Amino acid sequence: TLNQEEIRGCLVGEVRPTLDDIYELYCQHASIVGFSVRKAKNRKKEGTQIIKEKYYFCSAQGERNTGKKKEENEPMIEKSTSTKVKKRKKRKVMVTRTGCNALIRAKMNKNGEFEIVHHVMQHNHPLTREPLNYLHRSERQMNQPKEQAIEAMQECGLRPIDSYRYMCTEAGGEDALGNSKKDHFNCCYRLKMKSIEGKDSQMVVDKLYEQMQEDNEFFFRVRLDDDAKVCCLFWRDSMMLEDYNIFGDVMVFDTTYRTNKYNLICAPFVGINNHWKNTMFACAFLGDETKESFEWVFETFKKSMRGKCPISIFTDQDAAIAAAIEKVLHLQFNNFLLL
């Protein structure tokens, strides 16, 4: 077992049974020195899938891909001057690639174990201060015990932010937890989608089909993501359609409600009838609050109401909702009120 000073120094000659052990050793070295590790290329034995050599780089290795080379290699295509092509604005991101040459190279020896045969220790960029090392990607780990604890807290009804704060307190602080808040929220989302993709989602769809058999005017739509998982759900019945045709000039769209088990966003379309009572025009469940999801919901709502749009909408202060309303329902800012 190496001590901290030995791990900080040159690792040439260190032997480990597997590549995972080599990676763990280099991550320990990176944590002490102050940089993040990225897995790189490997070489396999000819005609097999057995890896005989593996590289691990500093995460600052290489250069940032600006996209200029791709544009230069593309063939010249004449574009009509009458049509304007709208280019997407490039997202500004921090430059993290500095061409750093720090790396290790592990090679399989005669005994089938892996030995570090080359180690470049010199970095060409500032190293991270020790209190911030836990933010490195190679340091952030979401292991199975953590996922099980998060899943248990989700089943008890805790919100992701509350479960994150609890785990930070139990670990002794954010730096001792071993993962960031974003990692925690992503894990909560994966667990949520995992539970939806099972029998529960099929049961909901079956119930909606049963309602369609009983109600000729019943309307519902289900949206799937790239992995064929349910991410959005919308429905309305014949009574909702009739109420909307009569009282649908003014509508409230609120997304502040969430279910306990799946943490889905409940988005009801609500109005007021002639008795000053709340009446529901439609309802949807959303997996996220992105512009694309809100556009899908409003397009589906508009289709279910046979193209009729409300005159005024009350909604919360969300830029994604506002953009979707303007695009799909063609309402200007003065026609919907931000609560």
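See the structure above.
Residues numbered from 1 in each chain as written. Predicted model: local features only at pLDDT ≥ 70, side-chain atom pairs only at ≥ 80, totals over all residues. Heavy atoms only, no water.

### Examining the environment of Pro310
Part 1: Tracing the backbone through its elements, the reader meets Pro310 in the loop between helix 10 (291–304) and strand 12 (312–315).
Part 2: By relative accessible area, Pro310 is classed as buried at 3%.
Part 3: When the C-alpha atoms of Pro310 and Val250 are compared, they prove to be 6.0 Å apart, with 60 residues separating the residues in sequence. (Helix = DSSP H or I, 4+ residues; strand = E, 2+ residues; numbered from the N terminus. Buried < 20%, exposed > 50% of the residue type's maximum accessible area, 1.4 Å probe, protein only.)

### Quick notes on the sheet that holds strand 4 (residues 103–108)
Part 1: On the basis of which strands lie adjacent, the open sheet formed by five strands has the order 1-5-4-3-2 and antiparallel pairing. Strands with a single pairing partner mark the edges of an open sheet, and in this sheet they are strand 1 (15–16) and strand 2 (37–44).
Part 2: Alignment of strand 1 against strand 5 (residues 114–120), held across two bridges, turns out to be antiparallel. Opposite Arg16, over in strand 5, you have Phe114 as the bridge partner. (Pairing = 2+ DSSP bridges.)

### Some details on helix 9 (residues 238–247)
Part 1: Within the sequence span of helix 9, burial applies to Met240, Leu241, Asp243 and Tyr244. Buried residues of helix 9, seen end-on, are gathered within an arc of 165° and therefore sit on one face of the element.
Part 2: Residues of helix 9 that are buried make contact with strand 7 (230–236), strand 8 (250–253), strand 11 (278–286) and helix 10. (Arc of directions from axis to C-beta. Contact = heavy atoms within 4.5 Å.)

### Details of the packing of aromatic side chains
Part 1: Scanning all chains against the criterion turns up 16 aromatic pairs.
Part 2: Where Phe219 meets Phe234, the ring centres are 6.2 Å apart and the plane angle is 80°; that geometry is what we call edge-to-face. A residue pair is termed long-range when its members are at least 10 positions apart, and Phe219 in strand 6 (residues 219–224) and Phe234 in strand 7 qualify at 15 residues.
Part 3: Residue class for Phe219 comes out buried when judged on its relative accessible area of 11%.
Part 4: Given the relative accessible area of 0%, Phe234 is considered buried.
Part 5: Their ring planes at 75° and their centres at 5.3 Å tell us that Tyr244 and Phe281 sit as a pair that is edge-to-face. Of this pair, Tyr244 sits in helix 9 while Phe281 sits in strand 11, and the two are 37 residues apart along the sequence.
Part 6: Put simply, the rings of Phe219, Phe234, Tyr244, Phe253, Phe269, Phe281, Phe294, Phe298 and Phe301 touch in pairs and so form one group of aromatic residues.
Part 7: We note Lys41 situated over the ring of Tyr55; from NZ or CZ to the ring centre the distance is 5.1 Å. (Phe/Tyr/Trp six-rings, centres within 6.5 Å; stacked < 30°, edge-to-face > 60°. Lys NZ or Arg CZ within 6 Å of the ring centre and 35° of its normal.)

### Details of the pairing of strand 10 (residues 265–272)
Part 1: Among the eight residues of strand 10, seven are classified as buried, and the element is accordingly described as predominantly covered.
Part 2: Note that strand 8 and strand 10 share two bridges and pair antiparallel. Counted as the bridge partner of Phe253 is Phe269 from strand 10.
Part 3: Bridge count for strand 10 against strand 11 is eight bridges, and the pairing is antiparallel. Along strand 11, the bridge assignment pairs Val270 with Met280.
Part 4: From the end of strand 10 to the start of strand 11, which pair antiparallel, there are five residues, and Trp276 there has a positive phi angle of about 60°.

### With respect to the pattern of salt bridges
Part 1: Applying the stated criterion across every chain, the model contains seven salt bridges.
Part 2: Salt-bridge contacts for Glu53 lead to Arg43; the nearest nitrogen and oxygen are separated by 3.5 Å. Residue Glu53 is found in strand 3 (residues 51–58), and its partner Arg43 is found in strand 2; the two are separated by ten residues along the sequence.
Part 3: Residue Glu53 is classed as buried on the basis of its relative accessible area, which comes to 4%.
Part 4: Overall, the relative accessible area of 44% leaves Arg43 in the partly exposed class.
Part 5: Between Asp162 and Arg159 there is a salt bridge, with the nearest N and O atoms lying 3.1 Å from each other.
Part 6: In this structure, a network of salt bridges that share partners links the residues Arg43, Glu53 and Arg105. (Salt bridge = Lys/Arg side-chain N within 4 Å of Asp/Glu carboxyl O.)

### Topic: the packing of helix 10 against helix 11 (residues 319–329)
Part 1: Direction vectors running N to C along helix 10 and helix 11 enclose 40°, while the axes themselves pass 8 Å from each other. When the axis of helix 10 is compared with that of helix 11, the two are oblique. Pair helix 10 / helix 11 crosses with right-handed handedness. Contacts between helix 10 and helix 11 involve Lys291, Phe294, Glu295, Phe298, Glu299 and Lys302 on the former and, on the latter, Ala320, Ile321, Ala323, Ala324, Ile325, Lys327, Val328 and Leu329.
Part 2: A per-class count over the contact of helix 10 with helix 11 returns nine nonpolar, no polar and five charged. (Axes fitted to C-alpha atoms, helices over the stretch in contact; angles between N-to-C directions. Parallel < 35°, antiparallel > 145°, perpendicular 65-115°, else oblique. Left-handed = near helix turned anticlockwise from the far one by under 90°. Nonpolar A, V, L, I, M, F, W, Y, C, P; charged D, E, K, R; others polar.)

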